[in-house]
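Residue-level structural notes
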Amino acid sequence: MTLKQYNWKDGPDFIQQHSVAKHRILQAYLAAYFRTLVSSPNQDVLRLTLVDGFAGGGLYVHNDTRETVKGSPFIFLEATREADFLINKDRRKPVQLQVDYFFTEADRHAYMHLDKVLREAGYGDRIGNGIYIDHARFQDKADAIIEFIKKKSPKNGRSIFALDQYGYKDVPTQLMRKIFEALPRAEIILTFAVDSLMNFANDGEQLKDLLGNLGIPDIFGGRPVDEIKKSDRDWRLLLQSTVYRRLVENCGARHFTPFFIRNRGGHGDYWLIHMSQHHRARDVMTQVHWANNNYFIHYGGAGLDMFHMVGYDPAHDSAYLGQSALGFEFDDVARRASIAALNEHIPRRVYADDVGITFGELFATTCNSSPASAQIYRESVGKLLDEKVVEIVGADGTRRRSSAQIKDTDQIMPPPQRALFLVG
Ligand SMILES: C[S@@+](CC[C@H](N)C(=O)[O-])C[C@H]1O[C@@H](n2cnc3c(N)ncnc32)[C@H](O)[C@@H]1O
C-alpha cells in the first residue's frame, strides 16, 4: 500500500482526521510539558529547542469539514505562546521562555509554502532569528541542530524532536541514539508506519534489508521471516512487537509510550512513539493519553506484563463523530482495570525482596509496560495499604497512613505478617 503524500504546490492540501488526532496529541503534550517544567516559583528562564524534523507545508484543509487546519510548526509556535500566557499571568516574577524552533522540510513546494504562511501569520521577523526553516532532509541537518542545542543548553540539552516521517525509513535508530547520547533531556515523538512495514513482510529478504538500514538487524535470531509467517498464526503481532521492542531499545531511550493510530481510510495504521530518558516525561505523555480519552484506544491488558498498544481509531473519535466512544479506552473503566491489575502485580514486585522497593523505582522500572500514570500507581498502592498488603515507610522511618503524599523515596514493603498475602 502506498502512502498518499501531501502536495503544497497549489496551496494547502487535504488532511484526514487521523492526522488531526496526531496534532491534538502534540498540542496536549506541549501544554503539559511546559506546565510540568515551569513549576518552581523561583525559576526565571526556561531554555528549550523545538525541532520539527518533517515539518510539512504549514496549513491544510480538513478532508471532511473543509476547515483550515494548522500544521505542526504552528502547533509548536502557538503552544509556546499559550504556555507563556498561562504560566506568567499570575506570577510576580515572570519566567522567560527562550524557545528556538527548527523546521526542516525536504520538499521544495512544502518548504516554500511553510515559509509563506509563517510570514503571513506575522512570524517574518523571527525567521532566521529563533525560527530556522531549512529546505533540507532532517538526516542532513540533525548534526547541526544537535550542536546548536548543545551550545544553547550545555547541561541538559532540553529539546523535543517531532519526527513525523511518512513511512518508516527516514529516521534510523542510529540517528535517534545520537540525539539521546548528545542531549540527555531530549525527547522524540516519532511516527512509524507499522502497517506499511508489515506489508514488506511479504518479502522476507527485503524486510531484513530494510530493518538492517533502520539499525535493527537480525531481529529474529537468524530465523527467516518467511518461516515465522508460515509457523505462527499471529505473525503480524509477533513481528510488530519484536520490531517495536528493538526499535525503542536501539534508540537508547530509557522510557517510551507507544500508541497506535488506526486509520480506516486506507493509509494503514501507524505508531506514535514518545521516547525520553526520564520517567517524568513518560508520565506526562501517559497523562495526555488519559486526559484525551476520546482519541485513544488501548489494546491489551492493563497490568505490568501486558503487550501494550494504545490506539486512536476514527470510528471511536466521539468528539469528531459526535457519538459515544466504544471499546477499551483511557476512561474510568480502563482506570479501574489498571488499578486492579497493578494491585495484583505490585505485591509481586514488593514481595520479591524483603526490603521492598521505593515508589520511584517501582514506577521507573515498570512504567514502560503499563498504561498507568504515576497517579494511578499511587491510587493502587493506596488500596494495597488500606488492605494491609503493603506498608509504606518514609526515608525518615515514619509509616504512611495514606498514599496521597507518597514520595519517590518512600519504601513500599511487605508488612510483618506477610503470610496473610499469597503471592501468585
Ligand atoms: C507527514 S508529513 C509532515 C506533516 C507535518 N509534521 C504536520 O503535522 O503538519 C511529512 C513531511 O516530511 C517531508 N519529508 C519527507 N522526507 C523528508 C526528510 N528526509 N527530511 C525532512 N522532510 C522530509 C515531506 O515532504 C512531508 O512534507
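Keep in mind it's a predicted model, so treat the numbers as computed, not measured.

Cut-offs and rules
- Residues numbered from 1 in each chain as written.
- Predicted model: local features only at pLDDT ≥ 70, side-chain atom pairs only at ≥ 80, totals over all residues.
- Heavy atoms only, no water.
- Helix = DSSP H or I, 4+ residues; strand = E, 2+ residues; numbered from the N terminus.
- Buried < 20%, exposed > 50% of the residue type's maximum accessible area, 1.4 Å probe, protein only.
- Contact = heavy atoms within 4.5 Å.
- Areas by Shrake-Rupley, 256 points an atom, 1.4 Å probe, with all protein chains shown as cover.
- Pairing = 2+ DSSP bridges.
- Core = buried A, V, L, I, M, F, W, Y, C linked by side-chain atoms within 4.5 Å.
- Expected span 1.5 Å × (residues − 1).
- Near = heavy atom within 4 Å.
- Polar contact = N/O pair within 3.5 Å; in protein donor to acceptor, adjacent residues only side chain to side chain.
- Nonpolar A, V, L, I, M, F, W, Y, C, P; charged D, E, K, R; others polar.
- Axes fitted to C-alpha atoms, helices over the stretch in contact; angles between N-to-C directions.
- Parallel < 35°, antiparallel > 145°, perpendicular 65-115°, else oblique.
- Arc of directions from axis to C-beta.
- Phe/Tyr/Trp six-rings, centres within 6.5 Å; stacked < 30°, edge-to-face > 60°.
- Lys NZ or Arg CZ within 6 Å of the ring centre and 35° of its normal.

**A closer look at the overall build of the chain**
- Secondary structure assignment for the chain yields 14 helices and 15 strands.
- When each of the 424 residues of the chain is scored for burial, the buried share is 54%.
- If you take every contact in the chain between residues at least 6 apart in sequence, the share linking residues at least 24 apart comes to 71%.
- For the chain, the accessible surface area stands at approximately 19600 Å², while carbon and sulfur atoms represent 49% of it.

**Considering the pairing of strand E2 (residues 45–52)**
- Along E2, 6 of the 8 residues are buried, which leaves the element largely enclosed by surrounding structure.
- Examined bridge by bridge, E2 and strand E5 (residues 96–105) share 8 bridges and lie parallel to one another. Bridge pairing links Arg 47 to Gln 98 in E5.
- Alignment of E2 against strand E7 (residues 159–163), held across 4 bridges, turns out to be parallel.

**Side note on the nonpolar core**
- In this structure, Phe 138, Phe 161, Phe 192 and Met 275 are the most contacted members of the largest nonpolar core, which totals 46 residues.
- Among the elements that make up this core, the one with the highest residue count is helix H9 (residues 235–251) (7 residues).
- Every residue in contact with Phe 138, bar those within four places of it in the chain, is listed here: Val 51, Gly 53, Phe 54, Thr 104, Ile 145, Phe 161, Leu 163, Leu 175 and Ile 179.
- Within the second largest apolar cluster, 40 residues are counted, among which are Ile 25, Leu 48, Leu 50 and Ala 162.

**A word on helix H14 (residues 374–386)**
- Given a rise of 1.5 Å per residue, 13 residues ought to cover 18 Å, and the 18 Å separating the end C-alpha atoms of H14 matches this to within 8%.
- By the burial criterion, the buried members of H14 are Ala 374, Ile 376, Tyr 377, Ser 380, Val 381, Gly 382, Leu 384 and Leu 385.
- In this structure, the buried residues of H14 make contact with helix H10 (279–291), helix H12 (332–351), helix H13 (359–366), strand E14 (391–393) and strand E15 (411–413).
- One or two residues past the end of H14 sits Lys 388, with phi positive at roughly 60°.

**Structural notes on the site of the ligand**
- In the vicinity of the ligand there are 20 residues, among which His 23, Tyr 60, Ser 72, Glu 105 and Asp 164 approach most closely.
- In the model, an oxygen atom of the ligand is placed 2.5 Å from a nitrogen or oxygen of the Tyr 60 side chain.
- One of the side-chain nitrogen or oxygen atoms of Ser 72 is found 2.8 Å away from a nitrogen atom of the ligand.
- For the ligand, the accessible surface in isolation is 600 Å², of which the surrounding protein chains cover 91%.
- Here the residues of the shell around the ligand sort into 9 nonpolar, 6 polar and 5 charged.

**Focus on the packing of helix H4 (residues 138–152) against helix H5 (residues 173–182)**
- The interhelical angle for the contact between H4 and H5, taken along N-to-C directions, is 5°, at an axis separation of 11 Å. Judged on the interaxial angle alone, H5 and H4 are roughly parallel. Of the residues in H5, those touching H4 at Phe 138, Gln 139, Ala 142, Asp 143, Ile 146 and Lys 150 are Leu 175, Lys 178, Ile 179 and Ala 182.
- For the contact of H4 with H5, the per-class residue count stands at 6 nonpolar, 1 polar and 3 charged.

**With respect to helix H7 (residues 204–213)**
- Here H7 has its buried residues at Gly 204, Leu 207, Leu 210 and Leu 211. The arc that holds the buried residues of H7, viewed along the axis, is 125°, so those residues lie on one side. In H7, the exposed residues that point more than 90 degrees away from the buried face are Glu 205, Asp 209 and Asn 213.
- Residue Gly 215 follows H7 closely and has a positive phi angle near 85°.

**Remarks on the sheet that holds strand E4 (residues 68–70)**
- Spatially, 3 strands are ordered E1-E3-E4 in an open sheet, and the strand pairing comes out mixed. Both outer strands of the open sheet, strand E1 (13–15) and E4, are each paired with one neighbouring strand and no more. Strand after strand, the sheet turns through a mean of 50° between neighbouring axes, direction not considered.
- Bridge analysis of E1 against strand E3 (residues 59–62) gives 3 bridges, and the strand direction is parallel. The partner of Asp 13 across the bridge, within E3, is Tyr 60.

**Describing the environment of Glu 187**
- As for its placement among the helices and strands, Glu 187 is situated in strand E8 (residues 186–192).
- By relative accessible area, Glu 187 is classed as buried at 6%.
- Excluding its chain neighbours within four sequence positions, the residues that come into contact with Glu 187 are Tyr 29, Tyr 33, Ser 159, Ile 160, Phe 161, Phe 180, His 274, Met 275, Ser 276 and Ala 281.

**Digging into the side chain of Gln 165**
- Along the polypeptide, Gln 165 turns up in the loop between E7 and H5.
- Within the structure, Gln 165 has its side chain in polar contact with the backbone nitrogen of Val 171 (distance 3.4 Å).

**Details of the packing of aromatic side chains**
- Counting across every chain of the model gives 18 aromatic pairs.
- Ring plane angle 50° and centroid distance 5.3 Å describe the contact between Tyr 6 and Trp 8, whose orientation is recorded as tilted.
- Using a relative accessible area of 24% as the deciding quantity, one classes Tyr 6 as partly exposed.
- Classification of Trp 8 as buried rests on a relative accessible area of 5%.
- Pairwise contacts between aromatic rings join Tyr 168, Phe 192, Tyr 244, Phe 256 and Trp 271 into one cluster.
- In this structure, Lys 70 is placed above the aromatic ring of Phe 74, and the distance from its NZ or CZ to the ring centre is 5.9 Å.

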